[in-house]
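Residues per chain, in single letters:
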Amino acid sequence: MNSDNTNNRYQRQIQLKEFGHVGQDKIAQSSVLVIGAGGLGCPALQYLAAVGVGTIGIADFDVVEMSNLQRQILYTVDDIGKSKAITAAKRLKTLNPNISILPYNFQITNNNALEILAKYDIVIDGSDNFATRYLVNDACVLLEKPLIYGAVLRFEGQIGVFNLTDNQSNIKTNYRDLFPEPPSDSTLSCNDVGVLGVIPGIIGTMQAIETIKIITGIGKPLSNKIMCYNALENSFYAFEMDVKSDKSIDFPKNKIAFLAYDYEWFCNKNLNIEVLSVLEFDVLRSLETITIVDVREKGELPSVDEFPFIFIPLHEFESLASTIPIENKVVIYCKSGQRSMQAVKILKEIFPNCQAYSLAGGIEAWKNNHY
């Protein structure tokens, strides 16, 4: 891209004396990986592409669903059923064809995280489950990469910067300093209680701002600090973080330990829920009559027509649990295996003697194993 086009495209930010051509050059030479092209990832990606980040990675193995469109503004109804990572990459390329955009249309796991994250200067966490959050955090700590944290629920959001030394305090915190142990199983998600569509837009945009500040060296990043936003009161408040002395108990300290770490177990170890693998589920269905329950929200993909099931969204599960036939074994599934474990726990509390199981990896894992 020649200098005339650069000046024209980025004129308004180059005009800023704190930014200038030096800041724009830093932006053009930088690389940022966004984990999750959903409610947080979409606005972050749009502004990072618009501002001219030289290389942007998009990691997401999900597909666009109708229920996403209320907040995931990179997509349209024509994109339903398509890969988020690939669709987002194509759309961003039309916004700024002069940057490199790399989609990763697969799940970030222990086996690939270190190799992928090592290629980028900064990582933005736009994931929607605790196992991924801990995995990405630990990879960033091992690789010494700054991590931009964001979370949303209902009318509120949070943002912070992890793994970046604060020059004043000379400390460097990470996600495990905020949550040394996974939040309890009673912690609700957007899938359970919802989120106002603009909240991810606000927090995702703030994640982009923090990224730009770190790249260019302007301003003061939110390192060792969590900023909280409440839309109903239009209020912000922040609290400082410190290093937890006990986080070393579970933290993988090297690549070998990281590769062996079971993040799903770590995030669900206190639930004591029995799970069935995809193979065990298929064998059980072939041997006996079982009750299968889908606790996803209406319209969630992938659709299921391979076997009969009862549909009870998780937010209605406790009130409708008594309608579930429990004389047979009960297998509950959701999209990825998180909500189903909560549902099993609820069912076991109501019917302690029932045989209830969660489908490991959810219906996505089952589909991936069969198609």
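Per chain, residues are indexed from 1 in the order of the written sequence. Owing to the predicted nature of the model, reporting of local features is limited to residues with pLDDT of at least 70; listing and counting of side-chain atom pairs is limited to 80 or more, with chain, interface and lining totals taken over all residues. Only hydrogens and water are set aside when side-chain values are computed; all heavy atoms of the structure are taken into account.

Asker: Even after reading the chapter, I still don't get the overall build of the protein chain, so can you show me in this structure?
Answerer: A tally of helices and strands in the protein chain yields 16 helices and 13 strands. Against the 2.2 N^0.38 benchmark of 21 Å for 371 residues, the protein chain shows a C-alpha radius of gyration of 22 Å, consistent with a compact globule. Principal-axis analysis of the C-alpha atoms places the extent of the protein chain at approximately 70 × 50 × 45 Å. When each of the 371 residues of the protein chain is scored for burial, the buried share is 50%. Whether two residues are in contact is decided by their heavy atoms, any of which lying within 4.5 Å being enough. In the protein chain, of all internal contacts separated by at least 6 residues, the share reaching a separation of at least 24 is 69%. Shrake-Rupley sampling with a 1.4 Å probe provides the accessible areas, and residues are treated as covered by the protein chains on show and by no other component. Here the protein chain has roughly 17,500 Å² of accessible surface; of this, 52% comes from carbon and sulfur atoms. Positive: Lys, Arg. Negative: Asp, Glu. His and the chain ends are not part of the count. By convention, the point assigned to a charge is CZ for Arg, NZ for Lys, CD for Glu and CG for Asp. Side-chain charges of the protein chain comprise 33 positive and 42 negative groups, with the mean position of each set lying 6 Å from the other. Secondary structure counts use DSSP, requiring at least four H or I residues in a row for a helix and at least two E residues in a row for a strand, with both numbered from the N terminus. What the globule rule says is 2.2 Å times the number of residues to the power 0.38, and the radius of gyration is computed from C-alpha atoms. Whether a residue is buried, partly exposed or exposed follows from its accessible area with a 1.4 Å probe, protein chains only, as a fraction of its type maximum: under 20%, in between, or over 50%, in that order.

Asker: Please clarify how helix H7 (residues 130-143) should be interpreted in this entry.
Answerer: The periodicity of an α-helix, 3.6 residues per turn, causes residues three or four places apart in sequence to face the same way. Here, expected helix span is obtained from the residue count minus one, scaled by 1.5 Å. Look at H7: 20 Å from first C-alpha to last across 14 residues, which is about the 20 Å you get at 1.5 Å a residue. Taken across its 14 residues, H7 has 10 buried, putting it largely inside the fold. Buried within H7 are the following residues: Ala131, Thr132, Arg133, Tyr134, Leu135, Val136, Asn137, Asp138, Ala139 and Cys140. Capping the start of H7, asparagine 129 holds a side-chain oxygen 3.4 Å from the backbone nitrogen of alanine 131, two or three residues further along. Directly after H7, the chain includes glutamate 144, whose backbone phi takes a positive value near 60°. As used in this structure description, the phrase polar contact means that two N or O atoms lie within 3.5 Å; if the pair is within protein, one of them must be able to donate a hydrogen and the other to accept it, and residues adjacent in sequence are counted only when both atoms belong to side chains.

Asker: What is the right way to read the sheet that holds strand E10 (residues 291-294) from this model?
Answerer: The strands making up a sheet associate through backbone hydrogen bonding, with each pair oriented either parallel or antiparallel. Here a strand pair is declared whenever DSSP counts at least two bridges between the two strands. Pairing in this open sheet of 5 strands is parallel, and the strands run E9-E13-E12-E10-E11 from one edge to the other. Unpaired on one side and paired on the other, strand E9 (275-276) and strand E11 (310-311) mark the two borders of the sheet. Where E10 lies against strand E12 (residues 330-333), 4 bridges are found, and the strand directions are parallel. By the bridge assignment, threonine 291 is partnered in E12 with valine 330. Helix axes use the C-alpha atoms of the stretch in contact, all axes being lines fitted to C-alpha atoms, and the angles between their N-to-C directions lie in the range 0 to 180 degrees. Most of the contacts of helix H15 (residues 339-350) go to strand E13 (residues 356-359), to which it runs at about 175°, and overall it touches E9, E12 and E13.

Asker: What is the right way to read the packing of aromatic side chains from this model?
Answerer: Each aromatic ring pair is characterised by the separation of its centres together with the angle its planes make. In summary, the pairing rule links any two rings of Phe, Tyr or Trp, Trp by its six-membered ring, whose centres are within 6.5 Å, and it sorts them by plane angle into stacked for under 30 degrees, edge-to-face for over 60 and tilted for everything else. A full pass over the atoms with the stated rule returns 16 aromatic pairs. For the pair tyrosine 104 and phenylalanine 106, a centre-to-centre distance of 5.9 Å together with 75° between the ring planes defines the contact as edge-to-face. You can call tyrosine 104 buried: its relative accessible area is 9%. Looking at phenylalanine 106, the relative accessible area reads 37%, which means it is partly exposed. Site record: aromatic cluster; members linked through ring pairs are Tyr134, Tyr149, Phe162, Tyr175, Phe179, Phe258, Tyr261, Tyr263 and Phe266. The rule is short: NZ of Lys or CZ of Arg within 6 Å of the ring centre and within 35 degrees of the ring normal puts a charge over the ring. Positioned above the aromatic ring of phenylalanine 266 is the side chain of arginine 176, whose terminal nitrogen or guanidinium carbon lies 4.9 Å from the ring centre.

Asker: Could you clarify how one ought to interpret the packing of helix H3 (residues 20-28) against helix H10 (residues 198-216) in this entry?
Answerer: Between two packed helices, what matters for the description is the angle formed by their axes and the separation of those axes. Across the interface, H3 lies against H10 with an axial gap of 9 Å and an inter-helix angle of 110°. One finds that H3 runs roughly perpendicular with respect to H10. Contacts between H3 and H10 pair Gly23, Lys26 and Ile27 from the former with Ile212, Ile215 and Thr216 from the latter. Working definition: roughly parallel below 35 degrees, roughly antiparallel above 145 degrees, roughly perpendicular at 65 to 115 degrees, and oblique for all remaining angles.

Asker: What exactly am I supposed to notice about the sheet that holds strand E3 (residues 100-104) here?
Answerer: One open sheet holds the 8 strands; their spatial order is E3-E2-E1-E4-E5-E6-E7-E8, and the pairing between them is mixed. Looking along the sheet, the strands with just one partner apiece sit at the ends: E3 and strand E8 (235-240). Along the sheet, successive strands turn relative to each other by an average axial angle of 15°, direction set aside. Pairing of strand E5 (residues 147-153) with strand E6 (residues 156-162), which is carried by 7 bridges, proceeds in the antiparallel orientation. Bridge assignment links leucine 147 to a residue of E6, and that residue is phenylalanine 162. Relative to the sheet, H10 contacts strand E1 (31-35), strand E4 (122-125), E5, E6, strand E7 (225-230) and E8, its axis offset from that of E5 by approximately 170°.

Asker: Mind showing me how you'd approach the environment of tyrosine 120 here?
Answerer: Its place among the elements puts tyrosine 120 in the loop between helix H6 (110-117) and E4. Considering only alpha carbons, one finds tyrosine 120 and threonine 55, 65 residues apart in sequence, at a separation of 8.3 Å. If we ignore the near neighbours within four places in the chain, the residues touching tyrosine 120 are Ser31, Val32, Leu33, Thr55, Ile56, Gly57, Leu102, Tyr104 and Lys145.

Asker: Explanation requested: the nonpolar core in the structure shown.
Answerer: Where a protein is soluble and globular, its nonpolar side chains tend to be buried together. Buried residues of nine kinds, namely Ala, Val, Leu, Ile, Met, Phe, Trp, Tyr and Cys, make up a nonpolar core once their side-chain atoms join them within 4.5 Å. Counting 41 residues, the largest nonpolar core has Val32, Leu45, Leu48, Ile56, Ile58 and Ile203 as the members making the most contacts within it. Mapped by element, the contributors of at least two residues to this core are E1, helix H4 (41-51), strand E2 (55-59), helix H5 (84-95), E4, E5, E6 and H10. With 7 residues, the single largest contributor to this core is H10. Of all hydrophobic cores here, the second largest spans 31 residues; its members include Leu114, Tyr134, Tyr261 and Phe266.

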